[in-house]
Amino acid sequence: MTVPRTTTDFMWSWWKMKTFLSAVELRVFTALAERPLTAEELCDRTGVHSRPAADFYDALVALDLLRRDGDRYATTEETGEFLDEDKRHSYLGDHFRVAMGGFADEMVEMLRTGQSPSGRRGPGEFYEKTYATDDSTRRFHRAMTAMSLASADAIATGFPWDRYRTLADIGCAEGALPVRVLERHPHLSAVGMDLPPAREGFEEYVAAHGLADRLRFQPGDFFQDPMPSADVIVLGHVLHNWDLEDKHTLLKKAHEALAPGGAVVVYETMIDDERQDNAVGLVLSLMMHLALPGGFDYTSGDCRGWLEQHGFRDTYVQHLSGAESMVVGFK
Ligand SMILES: C[S@@+](CC[C@H](N)C(=O)[O-])C[C@H]1O[C@@H](n2cnc3c(N)ncnc32)[C@H](O)[C@@H]1O
């Protein structure tokens, strides 16, 4: 995002974002996935009225979100890849529009009260609501895949997998991380643990990648049930959902479940230790305060300290992709 320099820049930044979010909601980028369209054809597919149509589409061109060639509009390389909702590996639009958009309006209330307005009954309420229907479950898990793939690739290539044989991904959603790791490392087998509603999407995703013989689902509640034992245990975007006590419970259970000599990999948008550079990590932490009572993000230094308290040694932090890093510790 360009940092606004004047009072009006701040105002226009808001309206530019609103225009962009309207295009996501109206599925403009999906409508253009097959071929470039004229304004009239695009209106037929998106339901946009002819009166504002030219200004809306041309504004998207000026915002570098669409291209215009003659009288036809097309996606850019990036918007075609990341905002076409049929590209399930990369599409995040639903997540910021539906799942997170609802909470955003309550940010000021959360900042004033310190309470998560959407989780008054406790942290489990977020997942009860998210998993209320098959459709909302799928949308959430697809968004998790889209958010985690770049880090999954970096972990698949940047961790010494040749030393290990088994992997357990705790809170695995669709299983994007173990799929990416197993695709690159045929000697490994893995298990993904998550709440029972994740099963169907996980099994479909794994089968679509031809890995059903090496990657299985274990339904369970990681607070009630033991974690599956493995040589490497991964916790991706899991700890930030929970308060400090729950974070410690999960790390303790991970240590118990790990084979001797095994490794734990915690990856998230770790906040930088000075808490001044990783704006995404800090903003995501605010989203956690909103969505889950007790949830918050943390620095890589915090994470290393917690791991050491639970007996992990030789901890280190490694940058993955964008705002994300992993912290690794050994048993
Ligand atoms: C923020 S998502 C992260 C998904 C995935 N690891 C990733 O990085 O893309 C957290 C996951 O933890 C799972 N989860 C939440 N509470 C759980 C519980 N009590 N037991 C097991 N899994 C749980 C959720 O279902 C969800 O898939």
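These numbers come from a predicted model, not from an experiment. (Residues numbered from 1 in each chain as written. Predicted model: local features only at pLDDT ≥ 70, side-chain atom pairs only at ≥ 80, totals over all residues. Heavy atoms only, no water.)

Colleague: Would you take a moment to explain the overall build of the protein chain for this structure?
Modeller: From N to C terminus, the protein chain includes 15 helices and 10 strands. Computed over C-alpha atoms, the radius of gyration of the protein chain comes to 21 Å, within 12% of the 20 Å expected from 2.2 N^0.38 for 331 residues, which places it in the range of a compact globule. Taken along its principal axes, the extent of the C-alpha atoms in the protein chain is 65 × 50 × 35 Å. Burial analysis of the protein chain (331 residues in total) assigns 49% to the buried set. (Helix = DSSP H or I, 4+ residues; strand = E, 2+ residues; numbered from the N terminus. Rg over C-alpha atoms; globule rule 2.2 N^0.38 Å. Buried < 20%, exposed > 50% of the residue type's maximum accessible area, 1.4 Å probe, protein only.)

Colleague: I keep staring at the environment of Glu 256 and nothing clicks. Help me out?
Modeller: As for its placement among the helices and strands, Glu 256 is situated in helix H13 (residues 244–257). Each C-alpha atom of the pair Glu 256 and Gly 201 lies 28 Å from the other, and the pair is 55 residues apart in sequence.

Colleague: Whenever I open this one, the site of the ligand confuses me. Can you help?
Modeller: Near the ligand you find 18 residues, and of these Tyr 131, Ser 148, Gly 171, Asp 194 and His 237 are the closest. Take Phe 222: an N or O atom from its main chain is 2.8 Å from a nitrogen atom of the ligand. The leading source of residues in the shell around the ligand is helix H10 (residues 134–158), at 3 residues. For the shell around the ligand, a count of residues per class yields 9 nonpolar, 7 polar and 2 charged. (Near = heavy atom within 4 Å. Polar contact = N/O pair within 3.5 Å; in protein donor to acceptor, adjacent residues only side chain to side chain. Nonpolar A, V, L, I, M, F, W, Y, C, P; charged D, E, K, R; others polar.)

Colleague: Is there a simple way to explain unusual backbone geometry in this structure?
Modeller: For residues that are not glycine, phi is negative in most cases, and the peptide bond is trans in most cases. Notably, Arg 27 is not glycine yet its phi reads approximately 60°, a positive angle. Turning to its location among the elements, Arg 27 is positioned in the loop between helix H1 (7–25) and helix H2 (28–31). The backbone phi angle of Asp 314 is positive, close to 50°, even though this residue is not glycine. Overall, Asp 314 belongs to the exposed group, its relative accessible area being 53%.

Colleague: How do you make sense of the sheet that holds strand S8 (residues 258–268) when you look at a structure like this?
Modeller: Note on sheets: strands pair through backbone hydrogen bonds, and any given pair is parallel or antiparallel. Spatial ordering of the open sheet is given by S6-S5-S4-S7-S8-S10-S9, a layout of 7 strands whose pairing is mixed. The open sheet has two edge strands with one neighbour each: strand S6 (215–219) and strand S9 (313–321). For this sheet, the mean inter-axis angle between neighbouring strands, taken without regard to orientation, is 20°. Pairing geometry for strand S4 (residues 166–170) and strand S7 (residues 230–236), over 4 bridges, is parallel. (Pairing = 2+ DSSP bridges. Axes fitted to C-alpha atoms, helices over the stretch in contact; angles between N-to-C directions.)

Colleague: How should I be thinking about the sheet that holds strand S1 (residues 37–38) in this particular structure?
Modeller: With antiparallel pairing, the 3 strands of this open sheet are ordered in space as S1-S3-S2. At either end of the open sheet lies a strand with only one pairing partner, and these are S1 and strand S2 (66–69). With 4 bridges connecting them, S2 and strand S3 (residues 72–75) associate as antiparallel partners. Bridge pairing in S3 links Leu 66 to Thr 75. Across the sheet, helix H4 (residues 50–62) is in contact with S2 and S3; its angle to S2 comes to roughly 110°. (Contact = heavy atoms within 4.5 Å.)

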